[in-house]
Amino acid sequence: MLNIALPKGRLGDDVYKLFSSFGYYCEGLGEDRRLVVESLESEVRYLLIKPSDVGIYVEHGAADIGVVGKDVILETNPNVYELMDLQLGKCRLAVAAPVNYYENPNNILRVATKYPNVAKNHYRTKNRDIEIIKLNGSIELAPILGLSDVIVDIVETGKTLEENNLEVVETIAYSSARLIANKAAYKFKEKQINDLLVKLMEAYNK
Ligand code: PRP
């Protein structure tokens, strides 16, 4: 059995569609609320995991491989192998602020974010003093309500920013879904993991 950690949500749905198209199929996946779905025939077991936790499951070997956004990898820095860029879930990590925002360099910058480590690293390289306001969602609200000056968040289409009168000030990094592997599993299940990689490459080169 190959244990695959899938991020719950649209990215996980897209990855499952791709994997099942070349044989890694599991009857009933996504049709009910089961979090572990396996197929003896395809020799695969999917684990449906909160996206930000995928790296933790893979690092600790609870899953052999997994799919996670580069944004999450940059934030959590899991001790895993990054095997392949799946070219899905493309977005960027960016600093955004209210349209026409002027940053006063004499003040400590208040940064609202779900990505405190990404934000800290970014501003450390600029020697800029910041205060992190850690939020878990709807980050765009923070500058609107004066809770923060700017945000560090992912931008996909840019619609959320636009509709809330915010704009990108700086791009920090580009992100897309990555296939990651547990370091021990990559040795002990080398053949199974490589078989999947070959199928993926064939699918991408079609
Ligand atoms: C993410 C992100 C932005 C939005 C960007 O939020 O935090 O709010 O998507 O997408 P866009 O550029 O296409 O508008 P998500 O939907 O994950 O919800 P959240 O606010 O609960 O984090």
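Residues numbered from 1 in each chain as written. Predicted model: local features only at pLDDT ≥ 70, side-chain atom pairs only at ≥ 80, totals over all residues. Heavy atoms only, no water.

(A) Structural view of the pattern of salt bridges. Scanning all chains against the criterion turns up 12 salt bridges. Of the charged contacts, one joins Glu82 and Arg178 as a salt bridge, the two residues approaching to 2.9 Å between their closest N and O atoms. Here Arg178 lies in strand β11 (residues 177–181) and Glu82 lies in strand β5 (residues 81–85), a separation of 96 residues in the sequence. The network of salt bridges with shared partners includes Lys70, Glu82, Asp85 and Arg178. (Salt bridge = Lys/Arg side-chain N within 4 Å of Asp/Glu carboxyl O. Helix = DSSP H or I, 4+ residues; strand = E, 2+ residues; numbered from the N terminus.)

(B) How the structure looks around the sheet that holds strand β10 (residues 166–175). In spatial order, the strands read β8-β7-β9-β6-β10; together these 5 strands make up an open sheet with mixed pairing. A single partner strand is all that each edge strand has here, and the edge strands are β8 (130–134) and β10. Strand-to-strand, the axes of this sheet are offset by a mean angle of 25°, without reference to chain direction. Summarising the sheet, strand β7 (residues 109–113) and strand β9 (residues 150–155) pair through 3 bridges and their orientation is parallel. Looking at the pairing, Val111 lines up with Val150 of β9. (Pairing = 2+ DSSP bridges. Axes fitted to C-alpha atoms, helices over the stretch in contact; angles between N-to-C directions.)

(C) Structural context of the layout of surface pockets. Computed from the structure, the largest pocket encloses a volume of approximately 1100 Å³. Counting only elements with at least two residues in the lining of the largest pocket, the list comes to α1 (10–21), β4 (65–69), α3 (70–76), β9 and α6 (159–163). Of the residues forming the lining of the largest pocket, the biggest block, 4 residues, is contributed by α3. Each residue belonging to the lining of the largest pocket can be placed in one class, and the counts come to 14 nonpolar, 13 polar and 14 charged. Around the second largest pocket sit 13 residues that line it, and Lys8, Gly30, Asp32, Arg34 and Leu48 are the ones nearest its centre. Among the secondary structure elements, those contributing two or more residues to the lining of the second largest pocket are β1 (2–7) and α1. Residue composition of the lining of the second largest pocket, grouped by class: 5 nonpolar, 3 polar and 5 charged. (1 Å grid on protein atoms, 1.4 Å probe; cavity = no way out; pocket = protein on both sides within 12 Å on 5 of 7 lines; lining within 4 Å. Points joined across faces, edges and corners; volume = space filled by probe spheres on them. Nonpolar A, V, L, I, M, F, W, Y, C, P; charged D, E, K, R; others polar.)

(D) Layout of the packing of aromatic side chains. Under the counting rule described, the total for this entry stands at 4 aromatic pairs. Ring geometry for Tyr16 and Tyr46: centres 5.2 Å apart, planes at 90°, overall edge-to-face. Separated by 30 residues along the polypeptide, Tyr16 in helix α1 and Tyr46 in strand β3 (residues 44–49) bring together distant segments of the chain. Comparing Tyr16 with Tyr46 shows no difference in burial state: the two are buried. The interplanar angle of 85° and the centroid separation of 5.7 Å between the aromatic rings of Phe22 and Tyr24 together place this pair among those described as edge-to-face. Across this residue pair, the class does not change: Phe22 and Tyr24 are buried. Site record: aromatic cluster; members linked through ring pairs are Phe19, Phe22 and Tyr24. (Phe/Tyr/Trp six-rings, centres within 6.5 Å; stacked < 30°, edge-to-face > 60°. Buried < 20%, exposed > 50% of the residue type's maximum accessible area, 1.4 Å probe, protein only.)

(E) Here's a closer look at the side chain of Ser148. Tracing the chain through its elements places Ser148 in the loop between α5 (141–144) and β9. For Ser148, a relative accessible area of 3% gives the class buried. Polar contacts involving the side chain of Ser148 include one to the main-chain carbonyl oxygen of Val150, which spans 2.9 Å. With near-sequence residues (within four places) excluded, Ser148 lies in contact with Arg110, Val111, Ala112, Ile133, Ala142 and Pro143. (Polar contact = N/O pair within 3.5 Å; in protein donor to acceptor, adjacent residues only side chain to side chain. Contact = heavy atoms within 4.5 Å.)

(F) Molecular detail of a nonpolar patch on the surface. Taken together, the side chains of Leu141, Ile144 and Leu145 define a hydrophobic patch exposed on the protein surface, amounting to about 300 Å² of accessible area. Among the secondary structure elements, Ile144 is positioned in helix α5. (Patch = residues over 30% accessible without salt bridge, like charges linked within 9 Å, V, L, I, M, F, W, Y side chains within 5 Å. Areas by Shrake-Rupley, 256 points an atom, 1.4 Å probe, with all protein chains shown as cover.)

(G) Fine view of helix α4 (residues 116–125). Every buried residue of α4 is accounted for by Pro116, Val118, Ala119, His122 and Tyr123. Down the axis of α4, the sector holding all buried residues measures 165°, keeping them to one side. Looking at α4, the residues exposed on the side facing more than 90 degrees away from the buried face are Arg124 and Thr125. In this structure, the buried residues of α4 make contact with α3, β6 (91–98), β7, β8, β9 and β10. (Arc of directions from axis to C-beta.)

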